[in-house]
Amino acid sequence: MHRIWALLLGLASILAAFGADTPVTLFSAGSTFIYPILSRWCSEYRKLHPNVLISYDPLGSSHGIARTLAGTVDFGASDGPLSDLQIQRAHMMIVHVPVVLGGVVPSYNLSSVTQELRFTPGALAGIYLGTITRWNDPELVRANPGLPLPAHEITVVFRLDGSGTTYVWTDYLSKVNATWAKRVGRGTSVEFPVGVSARFNEGVRDAIKNKPYSIGYLQVTYAIEGHLQTGLVQNSTGKFAKGDIAGITAAAAATGTNMPDDFRVSITNAADQDAYPISSFTWLLVPEHIEDRAKREAIVGFVRWVLSDGQKWAAPLHYAPLPGDVASRVQKAVDRIQ
């Protein structure tokens, strides 16, 4: 009788260890770009699966990458994919899981201008290189005829921390301006030639609000929900495009069948007349091998939900959902997580 009872207790322990109701806490960190929608996903998923708690620390994409590779989080988030060198040096295989699309917009503080400003690639590069220093510079005047652009000096704001938003912004500038590509380049952290720094998207948002005549770059959700002015950006076909869901979706569609198997792709300056040129996928970075079975099943379950039902939260938060064909391919790639 005692042996039977001992066996039953052992079986109960095994079931408890791997059962659906076992509490699981997942730790993650990274991108502030994805934070508005990721925090919503974590909250909504918890309602469906109260046993799964996901803790996310929005420290910036550089921290998301570093902590994932160091194994101090269960998964990370980044708006810039791992570089070839980072992959070569990594002690683990990482699955890049694109989960949503977003845009980075030029946001500014000009009380005298109520109409959306138009920015050419030359204007944005010039402002951030420091060769365009005043709002009434000829490059801006030509793109915005009739608007009352002030002669005031431009205050440039950039991200201090390692940032995927910075990566997307500098990736775009590197494609459209040879001087920028040679002098500054692309990266989550770069040496900006001019400007004042702020931490995280929230810090850039607040700096723009508090500094008249300033300009910065923001993930579109922060700009809209912060009630800031945003501009149109001239795309590769010459059209001035808006960083809205339609423009971001068009940028992704221009990728077509060129999506690589590892999903590390840049869609800035896409060749589509309707594309918003400063658009990007944003990725969850998940180790391919996860020893803890409960955590592995919780992560896979969460990711599969994000790629399906979770996409309905994209548009309300000013992101663009994944194209259906991309979501299907990513679902298959999730099978690699074991």
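What counts as what
- Residues numbered from 1 in each chain as written.
- Predicted model: local features only at pLDDT ≥ 70, side-chain atom pairs only at ≥ 80, totals over all residues.
- Heavy atoms only, no water.
- Helix = DSSP H or I, 4+ residues; strand = E, 2+ residues; numbered from the N terminus.
- Rg over C-alpha atoms; globule rule 2.2 N^0.38 Å.
- Contact = heavy atoms within 4.5 Å.
- Areas by Shrake-Rupley, 256 points an atom, 1.4 Å probe, with all protein chains shown as cover.
- Core = buried A, V, L, I, M, F, W, Y, C linked by side-chain atoms within 4.5 Å.
- Buried < 20%, exposed > 50% of the residue type's maximum accessible area, 1.4 Å probe, protein only.
- Pairing = 2+ DSSP bridges.

1. So, the overall build of the protein chain
Part 1 of the reasoning: On a plain count of helices and strands, the protein chain comes out with 13 helices and twelve strands.
Part 2 of the reasoning: Its C-alpha atoms give the protein chain a radius of gyration of 22 Å, near enough to 20 Å, the size a compact globule of 338 residues would have.
Part 3 of the reasoning: When the backbone C-alpha atoms are referred to their principal axes, the protein chain occupies close to 90 × 40 × 35 Å.
Part 4 of the reasoning: Counting only contacts in the protein chain whose residues sit at least 6 apart along the sequence, the fraction spanning at least 24 positions is 75%.
Part 5 of the reasoning: Accessible area of the protein chain: about 15,100 Å², with a carbon and sulfur share of 54%.

2. A word on the environment of Ala-123
Part 1 of the reasoning: Within the secondary structure, Ala-123 sits in helix α5 (residues 121–129).
Part 2 of the reasoning: Residues Ala-123 and Ala-143, spaced 20 residues apart in sequence, show a C-alpha to C-alpha distance of 9.1 Å.
Part 3 of the reasoning: Once residues within four sequence positions are removed from consideration, Ala-123 is found in contact with Ile-132, Glu-139 and Leu-140.

3. Quick word on the nonpolar core
Part 1 of the reasoning: One finds Trp-41, Tyr-128, Phe-281, Leu-284 and Phe-302 to be the most contacted residues of the largest nonpolar core, which totals 104 residues.
Part 2 of the reasoning: Every residue in contact with Tyr-128, bar those within four places of it in the chain, is listed here: Val-156, Val-157, Phe-158, Trp-169, Leu-173, Trp-180, Phe-192, Pro-193, Val-194, Ile-215, Gly-216 and Tyr-217.

4. Some details on the pairing of strand β3 (residues 75–78)
Part 1 of the reasoning: Every second residue of β3 is oriented toward a common face, with Phe-75 and Ala-77 on one face and Gly-76 and Ser-78 on the other, all of them buried.
Part 2 of the reasoning: Relative to β3, strand β1 (residues 24–30) is paired through three bridges, and the arrangement is parallel. By the bridge assignment for β3, Ala-29 is matched with Gly-76.
Part 3 of the reasoning: With three bridges joining them, β3 and strand β12 (residues 279–287) adopt antiparallel strand pairing. Considered in β12, the bridge of Ser-78 is made with Trp-283.

5. Overview of the pairing of β12
Each regular strand carries side chains that alternate between the two faces of the sheet.
Part 1 of the reasoning: Of all nine residues making up β12, nine are buried, and the element is well covered by its neighbours.
Part 2 of the reasoning: A two-sided burial pattern is seen for β12, the buried positions comprising Ser-279, Phe-281, Trp-283, Leu-285 and Pro-287 on one face and Ser-280, Thr-282, Leu-284 and Val-286 on the other.
Part 3 of the reasoning: Bridge count between strand β4 (residues 94–108) and β12: nine bridges; the pairing is antiparallel. Bridging from a neighbouring strand, Ile-94 pairs with Pro-287 of β12.

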